Structures are given as structure tokens and as C-alpha cells.
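What the coordinates show
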Amino acid sequence: MHLPLSRAIAPHLHLLDEVGSTNAELVARASSGEAQDFTVVVTTNQTAGRGRLDRVWVAPPGRTIAVSVLLSLPDLPLEKVGWMPLLAGLAMTRAVASLVDPPRVSLKWPNDVQVDGLKVSGLLTELLVSPRAVVIGAGLNLTMTAEELPTTAATSLTLVGADATDIVDRALAAYLGELRQLSDAYRGSGFDPEAGLRDQVVRVCGTIGQQVRVELPDGSMLRGVAEGIDSVGRLLVRDDSGVQPVAAGDVTHLRYE
């Protein structure tokens, strides 16, 4: 694959026939000084991918795309890091929406992308302290059949009507273009989410307004209504005791249970 559309957006793009984890590969390259801002590692055969909460991302070779992007952000304040997964999720949501007609795409906080409530993409963001950078990893189901999907809560682009022609390059280019535009705007605003990023995320976030169950990192459960996203990217959930900010957790939309 030559990926002309994608390489026009990201000249430092490395297409690998097979890799354990694109995130791990890019982190290693960045740590050794072999990667610069907006370096991209991509494959259609990731053999040891990880999702949030260390879940394994497994798919048949050639049916999905795994991509990791290095964003060099030396001036990014630590308190603004929480917006990076949401920014990446917004980029993927827009990319998927551009490939599906009509668009029925939403962002499940913090960084799962769904079509009609079914997961088509998941993202994982890792912070590098030295040099200060963020590696954004994403997996996107391209042409998986219903029988190949890992769960009934998942889908693929072709299953929801996307054209399979040149889908690797078109999907990757759509995502990279959105990610570059959004990350450049966030940098240009001085990393101020109130300069448009928060409103854009809220607009596509299908979690807001839902009855949710959140499994928190300590194993406890929170149930309530997701009411919004605060200034540092936390999900605001109202339960019987008031509004609880959630920085990390596994969210279930209870209407889908």
C-alpha cells in the first residue's frame, strides 16, 4: 500500500506489515529520538494491541487498522492532558462520520467511537514525560464481517455502509487530517479547551444525557446521569448524592444493557 492521501498529511508515516503494538513501537522510537512531531506508525496486522484498562485488541489481519501518532507538546500543562483522549476521540468521530452515509456516529466518553451505539473504534493515549509528548493510538474496524467481530456490541465501517474501495487510505487520511487540525488548534489556543474544543466534544458525545454505570479504578460502581464534561475533561455524573466528576472509568450506557 502506498497510502498517498495519508502521506500527504503525514510525511513521516511508517507502514509496517506486522507489529505487536503501534503504540509500543512509536513510544520506543520517540524515546530513542527517532521520531518527530506527527510521526505516524500504522499497520493492518497488530498482534498485541492494547485498549483501555489493558484490554487486548484482537482482529483478523487486514480487516482493521491500528495507528499511533506522536504529538510533541513541550508546553502542554499536565492539568490539560485529560483533553488529549477527547481530542483524539473527536477526530476519529469526525473521520468515521465522513465515511458513513448518513452519519450516525457519536463519541462514548472518553474515547470510544460508536455507530448506532456499536463500537467501531477505540483509542488509547499515553503521555511521555521526556521529551514531553503524547502518543495517541487508535484501532478502527474496517471490513470485519459480523462473524469476525469480537462482540455483538461492535461493528465495522463496511457493515454500516462505508465503501470498501481504498478504505485503508481514505479512513486513515480522514483521521489524520482531523487530528492534525484539532491538535494544531488546541496548541494555538494555548491549550485552552474553552476556545472551542470542549463545545465540539460535547456536541458529539453520546454519553451526555445517558443513564450510565461507571466502574471506577478502585472497583467501586457509580450510577447516575451523565450531565456534561468539566474544564479538565472529566465526565460529570449526577447520582443521589450530587454531581461526581469521573477522571477515569469504564462507562456503560445503561440503555444498551
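What you see is a predicted model; the values in this text were computed from it and never measured.

1. Considering the sheet that holds strand β13 (residues 242-246)
Read across the sheet, five strands follow the order β13-β12-β11-β10-β14 without closing on themselves; strand pairing throughout is antiparallel. Edge positions in the sheet fall to β13 and β14 (250-253), since each has one partner strand and no second. Averaged over all pairs of adjacent strands, the angle between their axes in this sheet comes to 45 degrees, without regard to strand direction. Here strand β10 (residues 211-215) runs beside strand β11 (residues 221-229); their pairing, made up of five bridges, is antiparallel. Along β11, the bridge assignment pairs valine 212 with glycine 224.

2. A few points about the packing of helix α3 (residues 83-99) against helix α4 (residues 167-188)
If you want to describe how two helices pack, look at the angle between their axes and the distance between the axes. Between α3 and α4, whose axes approach to 8 Å, the crossing angle comes to 140 degrees. Taken together, the axes of α3 and α4 are oblique relative to one another. Pair α3 / α4 crosses with right-handed handedness. The residues of α4 that touch α3, namely those facing Trp83, Met84, Leu87, Ala88, Leu90, Ala91, Met92, Arg94, Ala95, Ser98 and Leu99, are Arg170, Ala171, Ala174, Tyr175, Glu178, Leu179, Gln181, Leu182, Ser183 and Tyr186.

3. Considering helix α2 (residues 22-31)
Turning to α2, its buried residues number three or more, namely Thr22, Asn23, Leu26, Val27, Arg29 and Ala30. Down the axis of α2, the buried set is contained in an arc of 165 degrees. They therefore lie on one face. At its buried positions, α2 is contacted by β1 (13-16), β2 (40-43), β5 (64-72), β8 (118-128) and β9 (133-141). One side-chain oxygen at the N-terminal end of α2 lies 3.3 Å from the backbone nitrogen of asparagine 23; it belongs to serine 21. Glycine 33 lies just past α2 and shows a positive phi near 80 degrees.

4. Let's talk about the pairing of β2
By the alternation rule, side chains of β2 split into Val40 and Val42 and Val41 and Thr43, which are all buried. As paired elements, β1 and β2 share four bridges and run parallel to each other. Note that in β2 the partner of leucine 15 across the bridge is valine 42. For the segment spanning β1, α2 and β2, crossover handedness is right-handed. With four bridges joining them, β2 and β5 adopt antiparallel strand pairing. Within β5, the residue paired with threonine 43 across the bridge is alanine 66.

5. Here's the deal with the packing of aromatic side chains
Applying the stated criterion across every chain yields a total of one aromatic pair. For the cation-ring pair, arginine 180 lies above phenylalanine 38, with the distance from its terminal atom to the ring centre recorded as 4.0 Å.

6. What to know about the nonpolar core
Formed by 63 residues in total, the largest nonpolar core has its most connected members in Val96, Ile136, Leu140, Leu157, Tyr175, Leu176 and Leu179. Of the residues forming this core, the biggest block, eleven residues, is contributed by α3. When neighbours within four sequence positions are excluded, leucine 176 is seen to be in contact with Ser6, Ile9, Ala10, Leu13, Phe38, Val40 and Val69. Of all hydrophobic cores here, the second largest spans nine residues; its members include Leu26, Val41, Leu128 and Val135.

7. Here we look at the sheet that holds β8
Taking strand neighbours across the sheet as the criterion, the seven strands line up as β1-β2-β5-β9-β8-β7-β6 in an open arrangement whose pairing is mixed. Whereas interior strands pair on both sides, the edge strands pair on one side only; in this sheet they are β1 and β6 (105-108). For this sheet, the mean inter-axis angle between neighbouring strands, taken without regard to orientation, is 20 degrees. As judged from the four bridges shared by strand β7 (residues 112-115) and β8, these two strands associate in the antiparallel manner. What sits directly across from valine 115, in β8, is leucine 118. The sheet strands contacting α2 are β1, β2, β5, β8 and β9, and the helix crosses β5 at an angle near 25 degrees. The strands touched by α4 within the sheet are β1, β2, β5, β8 and β9, with β5 carrying the most contacts at an inclination of about 25 degrees.

8. Some remarks on the environment of valine 27
For valine 27, the location among the structural elements is in helix α2. Take valine 27: its relative accessible area is 18%, and that puts it in the buried class. Beyond its immediate sequence surroundings of up to four residues, valine 27 is in contact with Glu126, Leu128 and Val135.

9. A word on the environment of arginine 187
Looking at the element boundaries, arginine 187 is found in helix α4. C-alpha separation for the pair arginine 187 and valine 113, spaced 74 residues apart in sequence, amounts to 24 Å. Beyond its immediate stretch of four places on either side in the chain, arginine 187 contacts Asp37, Leu71, Ser72 and Leu73. A polar side-chain atom of arginine 187 sits 2.8 Å from the main-chain carbonyl oxygen of serine 72.

What counts, and at which threshold
- Along every chain, residues carry numbers that run from 1 in the direction the sequence is written.
- The predicted origin of the model limits local features to residues at a pLDDT of at least 70 and limits the giving and counting of side-chain atom pairs to 80 or more, whereas totals for whole chains, interfaces and linings rest on all residues.
- Side-chain measures here rest on the full set of heavy atoms in the structure, leaving out hydrogens and waters.
- When DSSP locates at least two bridges between a pair of strands, those strands are taken to pair.
- Strands here mean DSSP runs of E at least two residues long; helices mean DSSP runs of H or I at least four residues long; both are numbered from the N terminus.
- Here an angle of 0 to 180 degrees is reported between the N-to-C directions of two axes, which are lines fitted to C-alpha atoms, with helices fitted over the stretch in contact.
- Each angle gets one of four labels, with under 35 degrees taken as roughly parallel, over 145 as roughly antiparallel, 65 to 115 as roughly perpendicular, and the rest as oblique.
- Each crossing gets its hand from how the near helix is turned against the far one by less than a right angle, where anticlockwise is left-handed and clockwise is right-handed.
- Here a residue-residue contact requires only that any non-hydrogen atoms of the pair lie within 4.5 Å.
- Residue burial is assigned from relative accessible area. The probe radius is 1.4 Å, only protein chains are included, and a residue is buried under 20% of its type maximum, exposed over 50%, and partly exposed in between.
- Here, the arc refers to the directions that run from the helix axis to the C-beta atoms.
- Any pair of nitrogen or oxygen atoms within 3.5 Å is treated as a polar contact; in protein, a donor-acceptor pairing is required on top of that, and neighbouring residues in sequence qualify only through side-chain atoms on both sides.
- When the strands point away from the viewer and the connection leading from the first strand across the helix to the second strand turns clockwise, the crossover is called right-handed.
- Only centres within 6.5 Å qualify two rings of Phe, Tyr or Trp (six-membered ring in Trp) as a pair; their planes then separate them into stacked at under 30 degrees, edge-to-face at over 60, and tilted for everything else.
- Look at NZ for Lys and CZ for Arg. If either is within 6 Å of the ring centre and within 35 degrees of the ring normal, a charge sits over the ring.
- Throughout this description, the term nonpolar core refers to a set of buried Ala, Val, Leu, Ile, Met, Phe, Trp, Tyr and Cys residues connected via side-chain atoms within 4.5 Å.

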